[in-house]
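Coordinate inspection notes
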Amino acid sequence: MTLPARLEPLALARDATRLALAVTGACAGLVLVGLFGQFSNRWLVVGLLDIGHALMLAIALRAGMVAARGQSWAGAVPRALLCGALAGVLVVLLVMAARVANLRWMLVSLTPVTLNRVGYMLPEQQAMLLLAAGGAAAALLGTALVLLPPKARRLLMGALLGVVLAGLLRELIRSLLSGLGEIDGWAFSYDGLLPAGAMAAAGIGALAAARPGARHFAALPSRARLALQLLCLALLLLLPAVTNDFVAQVMMLVCLYTLMGLGLNVELGLAGLVDLGFVAFFAVGAYTVALLTAETAGVAHLGFFAALPFSVLFAALAGFLFGLPVLRVRGDYLAIATLGLGEVIRVLVLSDMLKPLLGGAQGIVDIPKPALFGVILGSPTRLFYLTAAFAALAGYCAWRLQHSGIGRRWLAVREDEDVAQALGINLVQVKLMAYTIGAAFAGLAGGLFAAMAGSVFPQSFQLLVSVNVLAVLVVGGIGSLPGVVVGAAALIGAPEVLRDLGEHRYLIYGLVIIAIVRFKPEGLSPAAIRQREVA
Amino acid sequence: MSGLLPRLQDGWRRATWVDVFLVALRLLVLGIVGYGFVAGLLHPRYGRDEWASFLVFGLVIGAIYALIALGYTMVYGILRMVNFAHGDVFMFGAYAACFTLIACNRNGLLATQPALSFALALLACMLVAAGLAILAERIAYRPFRRGRAMAPLISTLGLSFVLEYSARGMFGAQNKAFPSFPAIDGAVLVFGLSIPRVQLIVMLAAVLTMLVLTLVVMRTRMGTAMRAVAEDQDAAILMGINVDRVIVFTFALGGALAGVAGLLYGLVFKQISFFMGFFLGVKGFGAAVLGGIGNIPGAMLGGFSLGLVESLGPALFLEGIGVAAPYQLRDAIAYTMLVMVLIFRPRGLLGERLAVKRA
Amino acid sequence: MTELLRAAGVSKRFGGLLAVDRVSLAMAPGAIHAVIGPNGAGKTTLFNCLTSFTPPSAGEIWLQGARIDGLRPDLVAARGIARTYQNIRLFPDLTALENIMVGLGVRRPETLLGALLATPAHRATVAAVEARARALLLDLGLGGRGDRLARHLSYGDQRRLEIARALSVQPVLLLLDEPAAGMNPVESHAMMELIARIRDEHGVGILLIEHQMRVVMGISEQIHVLDHGVCIAAGTPAQIRADPAVIAAYLGARAAKHGMDALEKRA
């Protein structure tokens with residue numbers, strides 16, 4: 001940009017104002033939807049910064065990055081400073097306006113406490129100064145992230161991420177390290193990350209970002225690299241055994257969603273069939289185990305491992321029957337048709353008509369825990385290993401299928417149905433197989449879920465589950481097996497660990513889905529097929 | 001006759017076992033419905049007044065479905081994309097209307113000037129919903145206009161979640177009660193039948209809205225442009241039509257209709273919640289497909305049909321089969337019908353009208 | 001010797017438009033025939049009828065003595081008709097090798113259990129399929145490009161890969177829709193030789209649509225000329241060259257007297 005010198009300040013003010021308005025809008029949204037209120041009493045770093053304000057600062061930081069785009073230091077720094085400061089002032093002004101207007105009858109999130117918390121309970125002028133300073137600092141940091149040389153940028157990024165992760169995952173880290181002792185008191189307290197711990201986390205983060213061993217690792221022979229990776233995996237699998245039930249529970253959920261994700265991946269990722277009624281197969285699996293094993297309501301009183309094959313079988317059968325009619329439906333209509341079928345199943349399960357069998361809204365309780373050779377798999381840790389074993393088995397099957405002729409036929413149908421058929425592929429057979437196998441995976445997951453929870457209710461089988469699984473795939477990368485694990489860990493594991501995200505998690509899901517589809521459509525872990533070509 | 005036999009033979013030669021299964025499924029559903037129908041008629045359980053109230057209620061809910069379906073049908077006609085966020089646009093419209101009415105109630109306007117309050121609520125819900133619909137187009141459609149078919153589907157699903165849980169955060173998780181006002185309470189006698197006044201008003205408002213829409217689509221310059229783009233996008237571009245603007249206008253128009261539907265829904269059901277939009281949206285889409293997607297009169301017909309089936313169905317044939325508490329299965333009927341239409345008659349009752357080429 | 005292909009009175013109607021109007025043709029095994037005609041004459045529609053992509057409205061189609069019209073497209077393919085497309089339709093996100101293996105796999109299906117357990121029989125099948133796919137690639141001059149995504153291949157390679165994929169289903173009849181479209185004279189000459197070689201080595205009959213008269217006249221034994229869905233002439237290249245109806249259809253009645261030579265020079 002080569003503006004005349006006189007116009008330069010004007011352009012600067014215009015840019016900064018525009019960005020500040022955007023930041024203010026985003027912060028206002030944060031408060032309005034209740035995210036800020038939820039998190040403003042949670043410390044990121046005890047005594048320094050709560051998560052609510054950290055979110056606001058992250059927005060300002062992003063604005064700083066935008067401000068630096070196509071600018072030199074001389075142009076970017078004043079823009080960032082002005083934008084951050086202005087946004088801070090505007091946010092406090094908005095808070096004052098909200099107090100006067102008193103819209104709480106309409107917007108439940110605008111409680112006086114929340115509004116006070118935005119300004120750190122300070123008088124308005126001081127709050128304004130504080131937020132302006134904070135905003136300016138965050139925006140400056142964002143600018144620095146863009147304009148610093150790569151090496152420094154990476155260190156800074158690593159340090160920031162270290163603090164954020166340590167702060168957010170405090171409970172996980174505490175429970176992981178509880179065996180080591182001695183980190184309580186200086187690094188973490190009951191409330192969260194302490195400043196000293198934050199410094200340590202920043203150091204570790206920066207160190208990790210510098211990746212001192214990366215070159216050595218890359219130089220290792222591929223077999224040794226594989227061994228190291230396997231070692232990491234083994235350590236990860238050992239975690240629940242050496243830590244506590246909370247970790248085991250989270251990892252169990254991740255495995256369960258991995259299992260379902262693998263199933264949907266067969267349908268959507270390989271065969272290209274959108275399925276929003278996926279939860280129905282999960283429900284079939286869960287109710288099968290419930291009916292066959294439950295002590296009071298059950299019909300057969302089988303053991304868990306005797307009932308589980310029926311779960312898979314019945315779910316596969318359901319997939320087959322579902323698949324038959326909806327095969328003829330294409331694209332968007334398929335999404336709606338499967339969604340409708342899934343809802344029909346849920347409504348039927350809830351109804352009085354099937355209540356004598358399925359228990360209606362009261363569901364089926366008293367499902368015994370699985371027992372293997374006389375060992376009752378009751379604790380979360382044991383259940384985790386059970387789930388992980390089945391997830392691994394499913395992963396192996398999915399991997400075999402994907403790289404077999406069957407998998408290639410699915411891919412061909414996904415890429416171009418007409419051409420695939422003209423090559424002699426029986427579309428009905430191939431699609432039905434995808435549906436049936438995908439459903440079988442979901443049935444397995446459902447059976448495990450029933451045993452894990454000890455009870456099944458219709459409320460557990462809402463459309464939300466289907467959407468969650470879809471989101472797992474989208475985030476991990478549709479069609480990618482490692483992506484399923486990555487997606488499950490990111491979408492299911494992270495919110496569990498973040499705990500009090502509550503129902504807000506679905507808001508975040510939505511945002512993440514939109515962002516991924518828009519900016520990273522291949523997902524966080526792209527399908528192996530693309531990597532293979534790059535290699 | 002001589003021509004028919006070979007054709008039948010030909011048909012058998014080409015048929016697969018899936019076709020056989022589908023025919024069997026069709027017969028099964030027809031059989032169940034038919035049996036229930038007859039059995040229900042043989043043992044009449046409801047009087048004339050009850051049937052009339054089912055009928056009127058079906059028409060009322062059908063009118064709301066129709067208004068939602070219109071938004072789907074117009075957008076799908078042009079872009080061939082399902083907008084999962086449309087139901088949530090409707091939900092926001094309902095909230096906007098609700099808060100306007102509450103505000104009017106607070107300063108007494110609702111009691112003294114019910115018509116003015118109603119007009120204000122109408123304005124608010126249309127503006128909010130149209131704005132949101134435009135936002136949806138910006139976020140979830142425009143970036144993918146030339147992309148893969150799955151991307152907009154997934155991103156509107158994401159947007160739907162964002163809208164739903166934003167509403168939950170902003171307006172609370174509990175149901176919100178619509179303010180009641182005396183002007184719409186009570187019942188009116190029509191042909192000797194007592195019909196709640198609010199249902200009459202809602203019907204009237206819905207029909208008026210559809211009339212206005214027909215005028216907009218048929219008579220205004222923008223409406224003509226809309227039809228042109230729906231017919232053939234490339235040709236429309238060559239004729240100098242600004243397709244982007246037409247698409248935004250279509251979204252806004254569809255959103256405004258959904259907003260009106262939100263207001264009417266609130267008036268009828270007296271309660272709204274943040275999660276009501278999604279499934280109403282799905283049913284609205286079903287209505288649009290039932291009528292023939294892309295077909296504006298079709299969407300109206302589809303909406304009313306769906307409403308009638310949903311409201312009469314349980315009493316008409318589920319009761320006859322001997323299902324306990326058939327009204328719990330109302331949604332199941334609606335979804336089954338939706339799935340059946342998608343499978344057996346995806347072109348709908350009046351035939352689909354879609355853009356020749358995809359964008 | 002039975003006929004390879006016989007079409008009798010094949011018609012295809014789209015609403016009010018008769019896109020293909022009572023076309024009949026017969027091919028001997030291993031023959032090369034061409035279908036020519038102006039744009040919109042119904043050539044690709046005829047292909048679609050032969051492969052059942054759009055079943056004909058009337059008429060009968062016989063392949064090796066068995067009636068195939070209206071069969072499901074995959075069954076038609078199983079009987080031995082494979083095709084390529086005017087606008088190349090590969091599986092873009094699969095590698096070249098996988099594109100071919102899809103076709104080969106149809107002939108040698110794997111069992112689900114075999115694939116899951118990696119049984120020795122299954123492994124032998126996979127190895128055989130892959131070896132055959134590599135041989136086909138090599139045969140069509142695509143050796144060394146097997147691990148590239150189809151979308152990243154050059155235009156000429158994509159055309160040849162499409163032919164290789166069609167050959168992978170071991171057809172008795174190959175339908176080529178404008179195999180030399182968009183190629184310069186050198187390339188289209190090479191394509192012509194390739195087509196002839198494929199016929200000789202694989203023993204397939206070939207029916208091709210082509211606009212480049214040089215290619216058509218060079219390799220076809222029989223030529224069928226379509227105009228407005230009607231087959232206005234059929235015969236050897238020499239006969240077609242001299243047929244006044246053909247010249248009229250191509251160049252208009254007035255230019256007819258200049259003859260087909262002018263057309264060939266233009267092409």
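Above this text you will find the structure in question.
Now for a look at the structure at hand. (Residues numbered from 1 in each chain as written. Chains lettered and ligands numbered in written order. Predicted model: local features only at pLDDT ≥ 70, side-chain atom pairs only at ≥ 80, totals over all residues. Heavy atoms only, no water.)

The partner chain B presents 58 residues to the 49 residues of chain A that form the contact. Interface area for chain A against chain B, summed over the two sides, is near 4,700 Å², with a carbon-plus-sulfur share of 79%. When the buried surface of chain A facing chain B is broken down by residue, W105, Y333 and I336 of chain A rank first, second and third, together holding 16% of it. Along the contact surface separating chain A from chain B lie 0 salt bridges. Remark: the boundary between chain A and chain B carries 2 residue pairs in polar contact (both at pLDDT 80 or more). Elements with a minimum of two residues in the side of chain A that touches chain B: helix 14 (304–326), helix 15 (331–350), helix 20 (427–453), helix 21 (463–476) and helix 23 (504–519) of chain A. In terms of residue count, the dominant contributor to the side of chain A that touches chain B is helix 15 of chain A (12 residues). (Contact = heavy atoms within 4.5 Å. Buried area = accessible area lost by both parts, 1.4 Å probe. Salt bridge = Lys/Arg side-chain N within 4 Å of Asp/Glu carboxyl O. Polar contact = N/O pair within 3.5 Å; in protein donor to acceptor, adjacent residues only side chain to side chain. Helix = DSSP H or I, 4+ residues; strand = E, 2+ residues; numbered from the N terminus.)

Turning our attention to helix 14 (residues 330–344) of chain B. Residues spaced three or four apart along an α-helix face the same direction, because each turn holds 3.6 residues. All names here are of chain B. Helix length check: helix 14, at 15 residues, gives a terminal C-alpha distance of 21 Å against a target of 21 Å (1.5 Å per residue), a fit within 8%. Counting buried positions along helix 14 yields 12 of 15 residues, so the element is predominantly enclosed. Within the span of helix 14, buried status applies to A332, I333, A334, Y335, M337, L338, V339, M340, V341, L342, I343 and F344. (Expected span 1.5 Å × (residues − 1). Buried < 20%, exposed > 50% of the residue type's maximum accessible area, 1.4 Å probe, protein only.)

With the rule as written, the count across this model stands at 33 aromatic pairs over all chains. Ring centres 5.7 Å apart and planes at 85° place the aromatic pair Y506 of chain A and Y509 of chain A in the edge-to-face group. With Y506 of chain A and Y509 of chain A both in helix 23, this residue pair falls 3 residues apart, about one helical turn. Each of the two residues, Y506 of chain A as well as Y509 of chain A, counts as buried. Judged by centre distance (4.5 Å) and plane angle (25°), the rings of Y95 of chain B and F171 of chain B are stacked. Separated by 76 residues along the polypeptide, Y95 of chain B in helix 4 (residues 86–106) and F171 of chain B in helix 7 (residues 150–171) bring together distant segments of the chain. Across the pair, F171 of chain B and Y95 of chain B agree in class, each one buried. These aromatic residues form a ring-pair network of at least three members: Y506 and Y509 of chain A together with F161, Y165, F274 and F275 of chain B. The ring of Y335 of chain B is capped by K283 of chain B, whose NZ or CZ atom sits 5.8 Å from the centre of that ring. Against the face of Y85 of chain C rests R89 of chain C, its NZ or CZ located 5.1 Å from the ring centre. (Phe/Tyr/Trp six-rings, centres within 6.5 Å; stacked < 30°, edge-to-face > 60°. Lys NZ or Arg CZ within 6 Å of the ring centre and 35° of its normal.)

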